[in-house]
Amino acid sequence: MRRFMKAFVVFVCLLSAYVSVGLGAPAAGSTAQLTLLNLALERFTNDLRIAEQELFKAPENNGIAHCDALTDRVIRADRLAWLCMNPTASAAIGPRLALIGARIENNLVLWESNIPFRLGMNFCEFSGDINISGCHLRSFFLQGGSCMRLVGYRVTVDEDVMLLDFRADGLVQFAGAHIGGDLQCPHMTCTNGSGITFCLNDAQIGGSVLLEFASMAAGEVQVERARITRDLNCSYGNFFNPAGFALNIAETRVEGNVILKSTNVKGNGKNGEAGALNLEGVTIGRNLDCEGGRFLCVGPTPSGSALKISSAMIEGSVILRSCTNEGQTSLAGSKIGRNLNCANTRFIYKAVHSPAFDASEAQIKGDVSFETASVEGGLDLTGASIDGTFLCSAGHFSAVSPLLGALRLDGAEVKRDVLLNAGFTATGCTSLANAKIGGDLDCRAGLFTAPMSDASASDRSSAVDARGAKITGRLLLARTYVHSSPGELRDFKAVGTIDLESAKVGVLCDDTNSWPTQGNLILNNFTYDGFESGAPTTVEDRKRWLRLMRQDRFFSQPYQQLAGIYRSVGREEDAKEVLIAMNDDRVTGLTLASRILPRIFGIVVGYGYRPWRAAGYSAFFIFLGWFLFSRGYHANVLRPTDTDKAYPDKGNAKGEQSLSKDYPAFNAFIYSLENFVPLLNLEMGKDWRPNANLAGRFKLWRWSLPVSGTFLRCYLWFHIMLGWVLTTLWVGALTGLVKS
């Protein structure tokens, strides 16, 4: 019996040891599970729903709680909050918690908690708000679910925050947040009845902010004063705010790209104070790419911004290609490290006080392109600096107000070419006053039209205003082919005034078909170094060109400039023709009485540039005097001044007297020459004079013509005075003393 009892005791001990080892000692994970579930049961006095029990069993499933297949998917928010905030409970979770398909009742408040695991909630529906303000998380992940508000004010997340295809029916707030990785919100939908929809103000993002395909309606998306280490990408998103800016990224620093490709942004101008997209004061380390975007500013009046990028610092390029902007686009005072590309974009802004596109004082290190763009309301680049080419070929620019103009480059500096050609049109003044262009100004096949209201606003209805412009290369105002119609030659045309006052260009290229109408050309102090090959250079063409100038005031400089060009290429006679035309045109503007002497001066010596004319006229009158004095002598009306010496004899029976051999014989040519040339004394004029009391006849071929001494005496006076005048003029012209 004793032996039996001893054996029984040993069996029981062995059995107990077996049970203890094989059944009663759970694995470490099971202990955690039972501990977490027991803690939850103890904390909530056994009040746990099926989904909540699944939540607390998550460690058994590698941190995943599947609630999507449960009949009761409801988890009360305080249970989830206790799990995240209780140190013992959160320590039992492991590296992550993934909650799938649950319905969370009430507000989830995790205020200022330290959550050591990665928190993810997929396809979960929250009946209230999610508040993670002040929390410290490893990562935060929401996908395919929804909530009311999502508040993460000053939250700290070591890795990524992902809100994939998530919907919030209130404010999404990450102001002041510190996120070590990306903030990814693709396909996210936010709707707020008023005010702010999405806020990332003053946030620090270690990666990118991705709002691709996001839809933010009925509120403002604010990303002001944020710091983003990589990209800000809002491509294909839809942003709408009926009460102000739809997307506000003012004073934010983005080290990478800001991308808004094919993005729709629609805001309210609020009487000019807001609009669609605000990037004022932003700093971008690479490119701003808005290609294909639509930026619309709505409101009762045409005021407000479609794109406000003023005072920005952008290291790369600004790409606004193929956009539609309704409202003002402003890059005033911005600095762009590479190119500004606005090709094929439509800008619409019909306010009278400011232009549709304002890039005044902007600094652009590369090219600027508005090729095939349409700007309804005008482009203002006053004082801008462009290191590359300014390209507007086939662009269409129109002004709403005559005071603004269609295109303004006043005081701008473009280091390469300015291309306003190949189908370019401007309705309103194109102003390049005091601009500096390092290459060509190419306006070939451009149409420049000054609005009719310009004429009533001032005395200059300028289609092209280039007063004081400095163009190192060529000024091209001629015909060329246009892009829109291959093979079509189109003339440069200006409907209004071309004002080149005080402008300076290297080479002028124009053609007669492209010249403006009479009175619409201003050339005072316009200087150029020569003409392009193919430009009209005949003196008659160029005189006609000069006479297109306005006639209200006369300026001699344009004529002198053209004469200097002719002289520089050895065309001295053409230069003189231009200077003669200058004096002719100056005289035309004088009163009738004031014209007489200058006209005579021009006829006689070509204003000093044709002295041989005076010699020719002198020769003519000398020979005319020779003829007249010869006929007067033969008609016996030109008589010796001393008859006693000339006729000492009384004569024959018929009364005929013979001239004394001691008296100087009469020579009509010498007599004419001596009386015509001042100070010339050939000792004949003093011996012979027409007798005004006599008359006679002389034969000219078969005719007998009368001659009067009175007529001959008057002609002699005229002959002497004309001699003084003509001789003085041609001698002075030869010596250069007489020249106008």
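Residues numbered from 1 in each chain as written. Predicted model: local features only at pLDDT ≥ 70, side-chain atom pairs only at ≥ 80, totals over all residues. Heavy atoms only, no water.

**Topic: the layout of surface pockets**
Phase 1: Its volume calculated, the largest pocket comes out at about 410 Å³.
Phase 2: Lining the largest pocket we find 21 residues, and of these Arg 550, Asp 552, Arg 553, Phe 554 and Phe 555 sit closest to its centre.
Phase 3: Its residues placed into classes, the lining of the largest pocket shows eight nonpolar, four polar and nine charged. (1 Å grid on protein atoms, 1.4 Å probe; cavity = no way out; pocket = protein on both sides within 12 Å on 5 of 7 lines; lining within 4 Å. Points joined across faces, edges and corners; volume = space filled by probe spheres on them. Nonpolar A, V, L, I, M, F, W, Y, C, P; charged D, E, K, R; others polar.)

**Notes on empty space enclosed by the protein**
Phase 1: Counted according to the given criterion, the structure contains two cavities of 30 Å³ or more.
Phase 2: Put simply, the largest cavity is a space of about 70 Å³.
Phase 3: In terms of lining, the largest cavity is formed by Leu 477, Phe 492, Ile 498, Leu 500, Leu 508, Asp 510, Ser 514, Trp 515, Pro 516, Leu 521 and Trp 545.
Phase 4: Taken together, the residues of the lining of the largest cavity sort by class into nine nonpolar, one polar and one charged.
Phase 5: Each pocket or cavity is described by its volume, and for the second largest cavity that value is around 30 Å³.
Phase 6: Surrounding the second largest cavity, Leu 441, Cys 443, Val 464, Ala 466, Leu 475, Leu 477, Phe 492, Ile 498 and Leu 500 form its lining.
Phase 7: Here the lining of the second largest cavity is composed, by residue class, of nine nonpolar, no polar and no charged.

**Side note on the packing of aromatic side chains**
Phase 1: Scanning the entire structure with this criterion turns up 28 aromatic pairs.
Phase 2: With centroids separated by 6.4 Å and ring planes inclined at 70°, the aromatic side chains of Phe 370 and Phe 390 adopt a geometry described as edge-to-face. Pair noted here: Phe 370 is in the loop between β47 (368–369) and β48 (374–376) and Phe 390 is in strand β51 (residues 390–391), with a separation of 20 residues, a long-range link.
Phase 3: Its relative accessible area of 1% is what places Phe 370 among the buried residues. (Phe/Tyr/Trp six-rings, centres within 6.5 Å; stacked < 30°, edge-to-face > 60°. Helix = DSSP H or I, 4+ residues; strand = E, 2+ residues; numbered from the N terminus. Buried < 20%, exposed > 50% of the residue type's maximum accessible area, 1.4 Å probe, protein only.)

**Let's talk about the packing of helix α11 (residues 611–634) against helix α13 (residues 668–676)**
Phase 1: Close contact between α11 and α13 brings their axes to 8 Å; oriented N to C, the two are set at 130°. Classified by the interaxial angle, the pair formed by α11 and α13 is oblique. Between α11 and α13 the crossing geometry is right-handed. Counting all contacts with α11, which are made through Ser 618, Phe 621, Ile 622, Phe 623, Gly 625, Trp 626, Phe 629 and Ser 630, the residues of α13 involved are Ala 668, Phe 669, Tyr 671, Ser 672, Leu 673 and Phe 676.
Phase 2: Its residues assigned to classes, the contact of α11 with α13 shows ten nonpolar, four polar and no charged. (Axes fitted to C-alpha atoms, helices over the stretch in contact; angles between N-to-C directions. Parallel < 35°, antiparallel > 145°, perpendicular 65-115°, else oblique. Left-handed = near helix turned anticlockwise from the far one by under 90°. Contact = heavy atoms within 4.5 Å.)

**Description of the packing of helix α7 (residues 539–546) against helix α9 (residues 572–588)**
Phase 1: Contact pair α7 / α9: the axes reach a minimum separation of 10 Å and the direction vectors enclose 30°. One way to sum up the angle between α7 and α9 is to call them roughly parallel. Of the two possible hands of crossing, α7 and α9 adopt the one that is right-handed. Between α7 and α9, the residues in contact are Val 539, Lys 543 and Leu 546 and Asp 574, Glu 577, Val 578 and Ala 581, respectively.
Phase 2: Along the lines of polarity and charge, the residues of the contact of α7 with α9 split into four nonpolar, no polar and three charged.

**Let's talk about the side chain of Thr 329**
Phase 1: Its location among the elements puts Thr 329 in strand β41 (residues 328–330).
Phase 2: The class of Thr 329 is buried, set by a relative accessible area of 0%.

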